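Architecture at a glance
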Amino acid sequence: MHKSVQDITEMKAESKKISVVTSYDYTLASLCDKSGIDVLLVGDSAGMVMLGYENTIPVTMEQMCMFTEAASNARKNALLVADMPFMSYQAGVEEAIRNSGRLIKAGADAVKLEGGATLARTIRAIVDVGIPVMGHIGLQPQTTMLHQGYKVQGKTHDTAATLIQDATALEDAGAFSIVLEMVSHEVAGIISDKVRIPTIGIGSGPHCDGQVLVIQDLLGMYEKIKPKFAKRYMNLSEDIVNAISQYNNDVRSGAFPSEENYFSMNPGEAEKLRDEIGS
């Protein structure tokens, strides 16, 4: 039985840190799940690391449903949360509920929406139909990028106060947890102390109740952007290129395939065939 939303919320009460990684395909999701990760997040960052978009804005509901289904087929233990892509929930409450339901049908246990207090009514409506919601404040890639670019949030008194108000509004709306992206660590700590639900940090310091990283950043597979907050535990991009280059050379030299990589007929049957065709 995989983890539930309640399991994750109880981790905060028990002072247990929550581990979250993004996952978009069956193969990596199964490995992440096997590692003991608490939450698999099917992020709209798939648009960048899987589809090559410049940002997350072009990602569609159809794509998110496909990635969610793939990750859902792989997981056995972790909670599975799926991102609502840009303009899948901003146009109205009914559309937000409908699209949330599509991700649940694709295999998600919960959905994640970007936005602060102005999104509280939408979150409450989704929660009221029985779908758990993870909030997301601080840097919001779907919209912040249109105005500011990648900048740390909550560096002044006024912006910090707004973030704290946003967090409490999302909690009051029924969100079961909140992602804090690129929030100053002081403000992230205050929010984590103030709200009863878990906070999941990405570039927001050690005081959050959990942490999330993009799996391609963690494994060193994505070269286009290297955020300061993304700790690389491996440099797989270099290893993968070296392995494929070796395969390429082996094919050209004839070293691959060797006898251990192909199949043979029974010797008697091969001789009979050769006699028959005169070879």
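Residues numbered from 1 in each chain as written. Predicted model: local features only at pLDDT ≥ 70, side-chain atom pairs only at ≥ 80, totals over all residues. Heavy atoms only, no water.

1. Section: the overall build of the chain
Assigned secondary structure in the chain consists of 12 helices and eight strands. Judged by the C-alpha coordinates and their principal axes, the chain covers about 85 × 40 × 35 Å. Out of the 279 residues belonging to the chain, those deemed buried represent 50%. When contacts within the chain are restricted to residue pairs at least 6 apart in sequence, long-range pairs at least 24 apart make up 58% of them. With an accessible surface of roughly 14,500 Å², the chain has 54% of that area assigned to carbon and sulfur atoms. The chain carries 25 positive and 35 negative side-chain charges, and their two centres are separated by 5 Å. (Helix = DSSP H or I, 4+ residues; strand = E, 2+ residues; numbered from the N terminus. Buried < 20%, exposed > 50% of the residue type's maximum accessible area, 1.4 Å probe, protein only. Contact = heavy atoms within 4.5 Å. Areas by Shrake-Rupley, 256 points an atom, 1.4 Å probe, with all protein chains shown as cover. Lys, Arg positive; Asp, Glu negative; His and termini not counted. Charge placed at Lys NZ, Arg CZ, Asp CG, Glu CD.)

2. A closer look at the packing of helix α5 (residues 93-105) against helix α6 (residues 120-128)
Axis separation between α5 and α6 bottoms out at 9 Å; the angle between their running directions is 45 degrees. Judged by the angle between their axes, α5 and α6 are oblique. Viewed along their axes, α5 and α6 form a crossing whose handedness is right-handed. On α6, the residues that touch Val 93, Ala 96, Ile 97 and Ser 100 of α5 are Arg 121, Thr 122, Ala 125 and Ile 126. A breakdown of the residues in the contact of α5 with α6 according to their chemical character gives five nonpolar, two polar and one charged. (Axes fitted to C-alpha atoms, helices over the stretch in contact; angles between N-to-C directions. Parallel < 35°, antiparallel > 145°, perpendicular 65-115°, else oblique. Left-handed = near helix turned anticlockwise from the far one by under 90°. Nonpolar A, V, L, I, M, F, W, Y, C, P; charged D, E, K, R; others polar.)

3. Observations regarding the pairing of strand β5 (residues 133-138)
Most of β5 sits out of view: six of its six residues are buried. Pairing analysis gives two bridges linking strand β4 (residues 110-112) to β5, with the strands arranged parallel. Residue pairing across strands places Val 111 opposite Val 133, the latter belonging to β5. Note that the unit made of β4, α6 and β5 has a crossover that is right-handed. (Pairing = 2+ DSSP bridges. Right-handed = clockwise from strand over helix to strand, strands pointing away.)

4. What about a nonpolar patch on the surface?
Judged by side-chain polarity, Met 221, Ile 240, Ile 244, Tyr 247, Val 251 and Phe 256 come together as a nonpolar surface patch covering roughly 520 Å² of accessible area. Inspection of the secondary structure puts Val 251 in helix α11 (residues 236-253). Exposure remark for Val 251: the relative accessible area of 39% places this residue in the partly exposed category. (Patch = residues over 30% accessible without salt bridge, like charges linked within 9 Å, V, L, I, M, F, W, Y side chains within 5 Å. Salt bridge = Lys/Arg side-chain N within 4 Å of Asp/Glu carboxyl O.)

5. Considerations on the packing of aromatic side chains
This structure, assessed with the given rule, holds two aromatic pairs. Note on Tyr 24 and Phe 67: the rings are 6.3 Å apart at their centroids and 70 degrees apart in plane angle, and the pair reads as edge-to-face. Remark: Phe 67 occurs in helix α4 (residues 61-74) and Tyr 24 occurs in the loop between β1 (18-22) and α2 (26-34); sequence separation between them is 43 residues. The pair Tyr 24 / Phe 67 is uniform in exposure class, with both members buried. A centroid spacing of 5.8 Å and a plane angle of 70 degrees characterise the contact between Tyr 247 and Phe 256, whose relative ring orientation is edge-to-face. (Phe/Tyr/Trp six-rings, centres within 6.5 Å; stacked < 30°, edge-to-face > 60°.)

6. Observations concerning the environment of Leu 103
Within the element layout of this structure, Leu 103 appears in helix α5. Overall, Leu 103 belongs to the buried group, its relative accessible area being 0%. When residues no more than four places from it in sequence are discounted, the contact partners of Leu 103 are Met 61, Met 64, Cys 65, Thr 68, Ala 82, Asp 83, Met 84, Ala 108 and Val 111.

7. Some thoughts on the environment of Glu 238
Mapped onto the secondary structure, Glu 238 falls in helix α11. On the basis of relative accessibility, which here comes to 46%, the residue Glu 238 falls in the partly exposed class. When the C-alpha positions of Glu 238 and Gly 220 are compared, they lie 8.4 Å apart, and in sequence the two are 18 residues distant.

8. A look at the sheet that holds β1
Spatial strand order, β1-β2-β3-β4-β5-β6-β7-β8: eight strands in a closed barrel with parallel pairing. Taken over all neighbouring pairs, the strand axes of this sheet differ in orientation by 25 degrees on average, direction set aside. In this sheet, β4 lies alongside strand β3 (residues 79-83) in parallel orientation, the contact comprising three bridges. When the sheet's bridge partners are listed, Asp 83 is paired in β4 with Lys 112. α4 rests against β2 (39-42) and β3 of the sheet, and its axis sits at about 170 degrees to β3. Packing against the sheet, α5 makes contact with β3 and β4, and its axis sits at approximately 130 degrees to β4.

9. Things to note about the packing of α6 against helix α8 (residues 157-173)
Following both chains from N to C, one finds α6 and α8 inclined at 25 degrees, their axes separated by 8 Å at the closest point. When the interaxial angle is binned, α6 and α8 end up roughly parallel. Seen from above, α6 lies across α8 with right-handed handedness. Between α6 and α8, the contacting residues are Ala 120, Ile 123, Arg 124 and Val 127 on the first element and Ala 169, Leu 170, Asp 172 and Ala 173 on the second. By residue class, the composition of the contact of α6 with α8 is six nonpolar, no polar and two charged.

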